[in-house]
Amino acid sequence: YMLVPLGERGLTFNSIVTFNETAAFIWKRLEENLTEEEIAKALTLEYNVTYQQALEDVQQLIGYLKEKNVL
């Protein structure tokens, strides 16, 4: 899975972000405008992971995407 900036976003972010399956799952839920908590709950239903670990993963990915000015 890859995130490729298009349009004006490509002017400020000229890189490609690759996602593993879990990150792609989170990204899709972000596009659906789900909250961090809702995404974490969805992760627990999809994968064998605790809610706390899922929430930490969601927050870590969101932090990374904000740091790279993707969000």
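Residues numbered from 1 in each chain as written. Predicted model: local features only at pLDDT ≥ 70, side-chain atom pairs only at ≥ 80, totals over all residues. Heavy atoms only, no water.

**Regarding the side chain of Arg-29**
Convention followed: We count a stretch as a helix when DSSP gives it H or I for four or more residues in a row; a strand needs E for two or more, and each element gets its number in order from the N terminus. Contacts are assigned to residue pairs with any non-hydrogen atoms lying within 4.5 Å of each other.
Of note, Arg-29 is situated in helix α2 (residues 21-31). When sequence neighbours within four positions are dropped, the list of residues in contact with Arg-29 reads Leu-34 and Ile-39.

**Considering the environment of Leu-30**
What counts is decided by this rule: The cut-offs for exposure are 20% and 50% of the maximum accessible area for each residue type, with area from a 1.4 Å probe on protein chains only; residues under the lower value are buried, those over the upper are exposed, and the others partly exposed.
As for its position among the elements, Leu-30 is in helix α2. The buried category is assigned to Leu-30, whose relative accessible area is 18%. Excluding anything up to four places from it in sequence, Leu-30 contacts Ile-39, Ile-62, Leu-65 and Leu-71.

**Some remarks on a nonpolar patch on the surface**
Quick reminder of the rule: Within the patch definition used here, like charges are joined within 9 Å and nonpolar side chains (Val, Leu, Ile, Met, Phe, Trp, Tyr) within 5 Å, considering only residues with over 30% relative accessible area and no salt bridge. Per-residue and other accessible areas were derived by the Shrake-Rupley procedure at a 1.4 Å probe size, with only the shown protein chains allowed to occlude residues. Note on definitions: salt bridges are taken to be side-chain nitrogens of Lys or Arg within 4 Å of carboxyl oxygens of Asp or Glu.
Taken together, the side chains of Met-2, Val-4 and Ile-16 make up a nonpolar region of the molecular surface, amounting to roughly 300 Å² of accessible area. Within the secondary structure layout, Val-4 lies in the loop between β1 (2-3) and α1 (9-12).

**Observations concerning helix α3 (residues 36-46)**
The α-helix advances 3.6 residues per turn, and as a result positions three or four apart in sequence lie on the same side. For clarity, the cut-off: Note that the arc is defined by the directions from the helix axis to the C-beta atoms.
For α3, the complete set of buried residues consists of Ile-39, Ala-40, Ala-42 and Leu-43. The arc that holds the buried residues of α3, viewed along the axis, is 160°, so those residues lie on one side. Set apart from the buried face of α3 by more than 90 degrees, the exposed residues are Lys-41 and Leu-45. Taken together, the buried residues of α3 touch α2 and α4 (51-67).

**Description of α2**
Note the following rule: Two N or O atoms count as a polar contact when they lie within 3.5 Å, although within protein this holds only if one can serve as hydrogen donor and the other as acceptor, and sequence-adjacent residues are included solely when both atoms are side-chain atoms.
For α2, the complete set of buried residues consists of Ala-23, Ala-24, Phe-25, Ile-26, Trp-27, Arg-29 and Leu-30. Buried residues belonging to α2 abut β1, α3 and α4. Here α2 starts with a cap whose side-chain oxygen sits 3.1 Å from the backbone nitrogen of Thr-22, and that cap is Asn-20.

**Remarks on the packing of α3 against α4**
For clarity, the cut-off: Only the stretch in contact is used when a helix axis is fitted, and all axes are lines through C-alpha atoms; the angle between N-to-C directions ranges over 0 to 180 degrees. Roughly parallel means an angle under 35 degrees; roughly antiparallel means over 145; roughly perpendicular covers 65 to 115; every other angle is labelled oblique. Here a crossing is called left-handed whenever its near helix is offset anticlockwise from the far helix by less than a right angle, and right-handed whenever the offset is clockwise. In the scheme used here, Gly and all other residues not listed as nonpolar or charged are polar, with Ala, Val, Leu, Ile, Met, Phe, Trp, Tyr, Cys and Pro taken as nonpolar and Asp, Glu, Lys and Arg as charged.
Running from N to C, α3 and α4 cross one another at 125°; their axes reach a closest spacing of 8 Å. The orientation of α3 relative to α4 falls into the category oblique. Between α3 and α4 lies a crossing of right-handed hand. Side by side, α3 and α4 meet where Glu-36, Glu-37, Ile-39, Ala-40, Lys-41, Leu-43 and Thr-44 of the first sit next to Tyr-51, Ala-54, Leu-55, Val-58, Gln-59 and Ile-62 of the second. In terms of residue class, the contact of α3 with α4 is built from eight nonpolar, two polar and three charged.

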